[in-house]
Amino acid sequence: MNKNYFEVFRAGINSTFQDKGRSNLHHVGIPCSGAMDSRNYLIANSLLENDLSSAVIEFAYQGPLFKYHGENINIAITGDVIFKIKRDMTEIQGSCNKSYLIKDGDEIDILSTNKSVYGYFAINGKFDLKYQWGSCSINTKAQLGSNNGEKIYDGQKIIISKINSLKSTKELNYINTKIEKIRVIKGTNYDYFSKEGINTFFNKSFTISKLSDRMGMRLEGHKIDNIVNTNIKSEGLIKGVVQVPADGNPIIMLSDYGTIGGYPKIGVVISADYDKLVQLMSGSKIKFQEIELPEAETLYDLYQMETKNIISQIK
Amino acid sequence: MIKNISNLGDAALYCDFGNSINKEINSKVIRYFQSIRNQKIQGIINLTPSYNKLIISLDLTKTNFNKIKKIIENISLDPLENLSSKKIEIPVCCNEKFSLDLERLEKKLNLNRNKILDSFFNKEYFCYMTGFIAGMPFLGDLDNDLQAKRLETPRVRVPKGSVGITEQFANIYTFESPGGWNIIGNTPISVFDKSNETNPNLISPGDSIFFKRIDINQYKNFNE
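Okay, so let's go over this structure. (Residues numbered from 1 in each chain as written. Chains lettered and ligands numbered in written order. Predicted model: local features only at pLDDT ≥ 70, side-chain atom pairs only at ≥ 80, totals over all residues. Heavy atoms only, no water.)

Remarks on the pattern of salt bridges
So, point 1. One pass over the full model with this rule turns up 19 salt bridges over all chains.
So, point 2. Between B:Glu73 and B:Lys69 there is a salt bridge, and its shortest N-O distance comes to 3.3 Å. Note that B:Glu73 and B:Lys69 are positioned in helix H2 (residues 65–73) at a spacing of four residues, about one turn of the helix.
So, point 3. With a relative accessible area of 47%, B:Glu73 lands in the partly exposed category.
So, point 4. Salt bridges linked by common partners bring A:Glu58, A:Arg214 and A:Asp256 together as one network. (Salt bridge = Lys/Arg side-chain N within 4 Å of Asp/Glu carboxyl O. Helix = DSSP H or I, 4+ residues; strand = E, 2+ residues; numbered from the N terminus. Buried < 20%, exposed > 50% of the residue type's maximum accessible area, 1.4 Å probe, protein only.)

As C-alpha cells, this is what we get:
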C-alpha cells in the first residue's frame, strides 16, 4: 500500500527528480546531470537530516502545486522561492531554508522563484523512484532516470516509499547571494579567437537567452570573432565549458550537456561559480572575468568550506 | 604517447594525442582510456575518449589537476593483448522509407544509389568513440568518394535507429534526436539499452563493425 503521496495539481515549468547525478559514463555518452545548484540541494537535505545524496524535486521558475495525502511528514524548500502552505481554510506564506510539518490534506503551492532559476523541495524520507546507474536524476534529453526520464507532469502521484522519524522543525538563516562576474579559465581553443573577440568576451556583458535549459545557457548581445576555424574535431565536453559556434554567440554547457562537441572552447567556468551561474535568469546580464587555475582551486576549497559552514548553522 | 596534458577548467585534464584522425592515434587514446579506467584512480570521475583527445574529469573534493597529471604521466599501460575489441554485425535496411537522404547524396556525390550502398556495405568499420547522445558510435573510415558534408539545416528529429554518414564517418542514432547527418538506412537493432547498466552500449571504442544489408521484410521480422 502506497498510502503516502503528493497529488500533483500543477507540475510547474521544469520539475524533475534530482540527486548527485551519475558518473563514469562519459565514454558511453551519458552526462552527469544531478541538481544544478549543489549548495541549495545539500541545504535541502541537511534541513531534514537526510543522507546528503537523497533525491529531491528540482523546479525552475515555477514549481509544483500539490496536495499531500498520508501520515505526517517534514518538508523543506531551498533556493530563493515564493511558496504557500494551505491547511483547511488557512494559508501561510512559506519561508525557504526551514522545515515544516505537513499533514494529510495540506497543499503546497510553489508559486515562483524570486530573481533566480532553480529551487529544491525535499522530504524527510524517500520518494519511490527508479534509479539508473545509481542515480534518480532525470535527463529529459536522453530520457534517463526516474519517471521514465520525463519531467513531473500534471495529475501525477508522487509516491513516498519511506518517511524517516519526524524531527523538530529546523531553520537556517541564509540568503543566496549573487556574484558580479562569473570567473573563467582560458579554454583549450582560446587562440581560435581574435584579440577583439577575447576583449569582447571579457569586457562586455552578455544577455542570457530564453533558449537556456538544463543542457546549456545561450548568450547573446555580442558576437565573438573566430579567426581560425568555427569547428574543431569533435571531443569531450564537461559542464561549464563555454563554446562559441559559427554564429559567434557563446553557449555555456550545463549539467545535461552532450558528452561530445565540435565547437571551439573559449573558456570554462570555474567550479566555485557554477551554482551561482545556473541561478542567473534568462534576460539577465552576465560578465566574465579570467582567472588562473591555482586561484580557481583555492576558490573552490573556500566555496566548499563555506557550504559546510552554512550547513553547520542549521538549528 | 600523450603529446601534451593541459587543464580544461579546474576540474579536468585535457590529454592531447595530436591533430590527425586515424586509427593509430585513436587506438592510443583508447588504450589510455581502458588502462586508466581499469586502474580505478581515486578522484577520477569520468573519462571521455574521442578521435585524438582524452578528457579526464576530477572530483575536486578528492584530488586536483597536478596530482592526477603526475599519475597519468607515469601511468603503466595495460598490455595490448588485454584490450577489448569486439566484432559486431549491424543489420541495416535501406528501404525508401528509411533512406531519407539517399537521393540528396546521389546528387552531392555524383554517384548512383547502388554505388553508394555497395561502397558503404563492403567495408569493415572501426569505432573511434561513442557519445554526443548516449551510445552513438562514430565509425570510420568511409571511402573518399562517399564523403559528404552534413545537411545545411539539421533535422529537428532523426528517427531512432537511423544510420547516417558525414565526412569520413558513419553513425547510428541510438534514439530520436536532432541531427544533421545524411541518413541512408535504419537498423532494427537496439544499439543503446538503458536497462542494461553494466553494458548499455552495443558498440564501444575500438570495436570492429560490419553493416549487413537487409530488406524490409527481414527488418519487420527482426524483433519478432
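From this point, the discussion proceeds with the structure in view.
Notes on the nonpolar core
So, point 1. Grouped together as the largest cluster of nonpolar side chains are 44 residues, with contacts concentrated most on A:Phe201, A:Ile252, A:Leu277, A:Ile286 and A:Phe288.
So, point 2. Here the element with the most residues in this core is helix H1 (residues 38–47) of chain A; it accounts for four residues.
So, point 3. Among all residues touching A:Phe288, those that are not within four sequence positions of it are A:Lys181, A:Ile182, A:Val184, A:Phe201, A:Phe202, A:Phe206, A:Leu219 and A:Ile252.
So, point 4. Counting residues in each nonpolar core, the second largest holds 31 residues, with A:Ile185, A:Leu293, B:Ile25 and B:Phe65 among its members. (Core = buried A, V, L, I, M, F, W, Y, C linked by side-chain atoms within 4.5 Å. Contact = heavy atoms within 4.5 Å.)

Topic: the interface of chain A and chain B
You'll often see interface size given as the accessible area lost when the parts meet.
So, point 1. Contacts between chain A and chain B engage 39 residues on the former and 41 residues on the latter.
So, point 2. In this assembly, chain A packs against chain B so that about 3,300 Å² is buried in total across both faces, 58% of it on carbon and sulfur atoms.
So, point 3. For the chain A face of the interface with chain B, the top three residues by lost area are A:His27, A:Trp133 and A:Ile260, together amounting to 20%.
So, point 4. Summed over the shared surface of chain A and chain B, the result is zero salt bridges.
So, point 5. Those elements that provide at least two residues to the side of chain A that touches chain B are strand S16 (235–236), strand S20 (265–269) and helix H4 (293–312) of chain A.
So, point 6. Take the side of chain A that touches chain B: its biggest share by element is five residues, from H4(A).
So, point 7. Looking at the side of chain A that touches chain B residue by residue, the classes come out as 18 nonpolar, 16 polar and five charged. (Buried area = accessible area lost by both parts, 1.4 Å probe. Nonpolar A, V, L, I, M, F, W, Y, C, P; charged D, E, K, R; others polar.)

Considering the packing of H1(A) against H4(A)
Residues and elements named next belong to chain A.
So, point 1. The N-to-C vectors of H1 and H4 enclose an angle of 25 degrees; their axes lie 10 Å apart at closest approach. With respect to H4, the element H1 is oriented roughly parallel. For the element pair H1 and H4, the recorded crossing hand is right-handed. Residues Arg39, Leu42, Ile43 and Ser46 of H1 lie in contact with H4, whose contacting residues are Tyr303, Glu306, Thr307, Ile310 and Ile311.
So, point 2. Taken together, the residues of the contact of H1 with H4 sort by class into five nonpolar, two polar and two charged. (Axes fitted to C-alpha atoms, helices over the stretch in contact; angles between N-to-C directions. Parallel < 35°, antiparallel > 145°, perpendicular 65-115°, else oblique. Left-handed = near helix turned anticlockwise from the far one by under 90°.)

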